[in-house]
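Here's the letter readout for the chains.
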Amino acid sequence: MTGSPATLLLARHGQTVWHAENRYAGVSDVALTDEGRRQARQLGEWAARNRVDAIWTSTVGRAIETARPACEALGITPRREHELRECDFGEVEGRTLAEFAAEHPDRAAEYRADPVAHPFPGAEDPRTAAARGAAALRRISAGHPGQRVLVVAHNTLLRLVLCELLSIPLGSYRRVFPQLRNTAVSEVRIGESGGALLSLNVPCAPDPDAPGH
């Protein structure tokens, strides 16, 4: 890797109809809610206020739609990377963890204890997902030296990738990164010796309920 590293601005897509109910959405192409589209517009406004040189998304519709306002605001044609797609959650796709636990309490307990050693039945191996996602971010970073790149992807995939890049045990991803909020931005740089996390879950719009707002 030559030159100054890229700054990757990682954002989870906007809220979907399944996420509003805390259902697992992996390979399913679930649409954004009205709230999710509002969040996408806020991300676009954030991008217009901040320097963004390139935009990448996963190939899943909810990520593409979330990035669209930012692309339109900046006049940037987005690039898509299939390796940034969300994990396949197997038998729990479209269901909640509570629903799975009601049927399989022992399997759910094992998942909660270590979701990498005990993934959902039929799910993608989280280690495979972490490796493909991290490799994709490394390629994107190498292709944009010195630039600021907005990457719109997915909650579980990005949490696994952050652990992979930061040398955090993958089995701890749910504890260390409980959630990436919809369209919040996390800033990462990837260097020769690994990744550096510069910010995490920074809202792209002010919280109206926060003090001073």
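Data block above holds the structure.
So, how was this worked out
- Residues numbered from 1 in each chain as written.
- Predicted model: local features only at pLDDT ≥ 70, side-chain atom pairs only at ≥ 80, totals over all residues.
- Heavy atoms only, no water.
- Helix = DSSP H or I, 4+ residues; strand = E, 2+ residues; numbered from the N terminus.
- Expected span 1.5 Å × (residues − 1).
- Buried < 20%, exposed > 50% of the residue type's maximum accessible area, 1.4 Å probe, protein only.
- Contact = heavy atoms within 4.5 Å.
- Axes fitted to C-alpha atoms, helices over the stretch in contact; angles between N-to-C directions.
- Left-handed = near helix turned anticlockwise from the far one by under 90°.
- Nonpolar A, V, L, I, M, F, W, Y, C, P; charged D, E, K, R; others polar.
- Pairing = 2+ DSSP bridges.
- Parallel < 35°, antiparallel > 145°, perpendicular 65-115°, else oblique.
- Salt bridge = Lys/Arg side-chain N within 4 Å of Asp/Glu carboxyl O.

A. Structural detail: helix 1 (residues 34-49). Along its 16 residues, helix 1 runs 23 Å from first to last C-alpha, staying within 8% of the 22 Å computed at 1.5 Å per residue. Residues of helix 1 that are buried: Gly36, Gln39, Ala40, Gln42, Leu43, Gly44, Trp46 and Ala47. On its buried face, helix 1 is in contact with strand 1 (7-12), helix 2 (61-74), strand 4 (148-153) and strand 5 (185-191).

B. Up close: the packing of helix 1 against helix 2. Relative orientation of the contacting elements helix 1 and helix 2 amounts to 30°, with a least axis distance of 7 Å. The way helix 1 lies across helix 2 gives a crossing that is right-handed. Judged by residue contacts, Arg37, Ala40, Arg41, Leu43, Gly44, Ala47 and Ala48 of helix 1 engage Glu65, Thr66, Pro69, Ala70, Ala73 and Leu74 from helix 2. Considered class by class, the residues forming the contact of helix 1 with helix 2 number eight nonpolar, two polar and three charged.

C. The sheet that holds strand 2 (residues 54-57), seen in detail. Here we have six strands laid out as an open sheet, ordered 3-2-4-1-5-6, and mixed in their pairing. Strand pairing shows two members of the sheet lacking a second neighbour, strand 3 (79-80) and strand 6 (194-202), which therefore form its edges. In terms of strand pairing, strand 5 meets strand 6 through six bridges, oriented antiparallel. Across the sheet, glycine 191 pairs through a bridge with glycine 194, a residue of strand 6. Helix 2 rests against strand 2, strand 3 and strand 4 of the sheet, and its axis sits at about 170° to strand 2. Helix-sheet contacts for helix 6 (residues 155-166) involve strand 1, strand 4, strand 5 and strand 6, and the interaxial angle to strand 6 is about 140°.

D. Summary view of the packing of helix 5 (residues 126-143) against helix 6. Two elements in contact, helix 5 and helix 6, have axes whose closest approach is 8 Å; the angle formed by their N-to-C orientations is 75°. It follows from the interaxial angle that helix 5 and helix 6 lie roughly perpendicular. Where helix 5 abuts helix 6, its residues Pro126, Ala129, Ala130, Arg132, Gly133, Ala134, Leu137 and Arg138 lie against Leu157, Leu160, Val161, Glu164 and Leu165. Its residues assigned to classes, the contact of helix 5 with helix 6 shows nine nonpolar, one polar and three charged.

E. View of the pattern of salt bridges. According to the stated counting rule, one finds 11 salt bridges in the structure shown. Residues arginine 37 and aspartate 34 are paired through a salt bridge, measuring 2.4 Å at the closest nitrogen-oxygen approach. Of this pair, arginine 37 and aspartate 34 both sit in helix 1, three residues apart, which is roughly one turn of the helix. Taking the relative accessible area as the measure of exposure, arginine 37 reaches 32% and is therefore partly exposed. Relative accessible area serves as the criterion here: at 58%, aspartate 34 is assigned to the exposed category.

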